[in-house]
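Each chain, letter by letter, is given below.
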Amino acid sequence: MTKRKNLFYFRWHPKGGFIVTTTYELTHLRALEAEAVHIFREVAATFERPVLLFSGGKDSVVMLHLAAKAFWPAPLPFGVLHVDTGHNFDEVLAFRDETVRRLGVRLLVSSVQDDIDAGRVTEETGPRASRNRLQTTTLLRTISEHRFDAVFGGARRDEEKARAKERVFSFRDEFGQWDPRAQRPELWKLYNGRHRKGEHIRVFPLSNWTELDIWQYIVDERIELPSIYYAHRRQVFQRDGMLLAHTRFTTLLPGEEPFEAQVRFRTVGDATCTGCVESVATTPEAVAAEVAATRVTERGATRADDRISEAGMEDRKREGYF
């Protein structure tokens, strides 16, 4: 049962900054928000060099919003990092730059192209080629070069079964690798961030959120997102039961023909492997209603890179993926 608590509530104002509004009920969303705020403050208090992964996707946008709320009116005590494949949607990159400018946040962009040019990774070729997997090398290199000891990620346990195995504080060894059997217990939401030099912790403040929670929070907080999250007309083509955007980064296979459809994206990543869904939802409220009715996870429905194998995501996470 919802209980009335005499608490002040901070809401983001369109002209910048949070403002104090009326008291609010301690609902499910407010409990999730309070948990995330606690996690951000715990990391800031116990780690020396944290960073927040920020792609401009909806989960990273919500995560950055929560981080700003956790430390307001002080500035964020850490910067944000985007691992750029070079194959991103233009709308998302523009939104990323505008968001960090508006919040006054330090942005570090680490490029997969730099690792390709340096010979640290080899780019795939062919119509099904993607740079998505190459991000692991770029991420681990950046963590090592900047000596980041805590890295905030926007992963949620409802997305995929490998991510359901994650702790909130996910320990990574000196090679950046993840072993689900070597994770620490988090009884009573007590987090153990101890690590040796070279090791680091991936931190997931949204672990207990669902896709519907994210959208309901976006509605409630009036959070802005890149336009591609809402229904719009775009050139697409069909492959493996998915609709993929026809962009300058994609190559059509024989028999594939682009056509125009009204679509939206449920998740945003590398444009070569991120699918979209047909939709008429042009507002956050309408998207939340669609999400409430769906029975397929966003990654299962719209991420071609997750269909490599039954354990594709877990294999990549073991190597150091997000």
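Below is a short write-up of the structure. No experiment lies behind these values; they were computed from the predicted model shown.

A word on the overall build of the protein
Alright, step 1. Helix and strand counts for the protein stand at nine helices and twelve strands.
Alright, step 2. In the protein, which comprises 322 residues, the share counted as buried stands at 52%.
Alright, step 3. About 15,400 Å² of surface is accessible on the protein, with carbon and sulfur atoms providing 52% of the total.

Let's talk about the sheet that holds strand β9 (residues 232–239)
Alright, step 1. Taking strand neighbours around the barrel as the criterion, the four strands line up as β9-β10-β12-β11 in a closed arrangement whose pairing is antiparallel. Each neighbouring strand pair of the sheet contributes to a mean axis angle of 70 degrees, computed without reference to strand direction.
Alright, step 2. Sheet topology note: the β9/strand β10 (residues 242–245) ladder contains four bridges and is antiparallel. From the neighbouring strand, Val236 faces β10, where its bridge partner is Ala245.

Remarks on the packing of helix α1 (residues 28–46) against helix α6 (residues 211–221)
Alright, step 1. Closest axis-to-axis distance for the α1/α6 pair is 11 Å, and the angle between their directions is 95 degrees. Relative to α6, the element α1 lies roughly perpendicular. Taking contact as the criterion, the partners of His28, Leu29, Arg30, Leu32 and Glu33 in α1 are, on α6, Asp213, Gln216, Tyr217, Asp220 and Glu221.
Alright, step 2. Classifying every residue of the contact of α1 with α6 gives three nonpolar, two polar and five charged.

Focus on unusual backbone geometry
Alright, step 1. A cis amide bond, omega 10 degrees, links Trp72 with the succeeding residue Pro73.
Alright, step 2. Here Pro73 lies in the loop between α2 (58–71) and β4 (79–84).
Alright, step 3. Phi angles above zero are rare outside glycine, and Trp188 is one such case at about 55 degrees.
Alright, step 4. With respect to the element layout, Trp188 can be found in the loop between β7 (169–172) and β8 (200–203).
Alright, step 5. Look at Trp188 and you get exposed, because its relative accessible area is 76%.
Alright, step 6. In this structure, Lys189 takes a positive phi of about 55 degrees despite not being glycine.
Alright, step 7. Note that Lys189 resides in the loop between β7 and β8.

Quick notes on the rules
Residues numbered from 1 in each chain as written. Predicted model: local features only at pLDDT ≥ 70, side-chain atom pairs only at ≥ 80, totals over all residues. Heavy atoms only, no water. Helix = DSSP H or I, 4+ residues; strand = E, 2+ residues; numbered from the N terminus. Buried < 20%, exposed > 50% of the residue type's maximum accessible area, 1.4 Å probe, protein only. Areas by Shrake-Rupley, 256 points an atom, 1.4 Å probe, with all protein chains shown as cover. Pairing = 2+ DSSP bridges. Axes fitted to C-alpha atoms, helices over the stretch in contact; angles between N-to-C directions. Parallel < 35°, antiparallel > 145°, perpendicular 65-115°, else oblique. Contact = heavy atoms within 4.5 Å. Nonpolar A, V, L, I, M, F, W, Y, C, P; charged D, E, K, R; others polar.

All we've got here are geometric facts, nothing functional implied.
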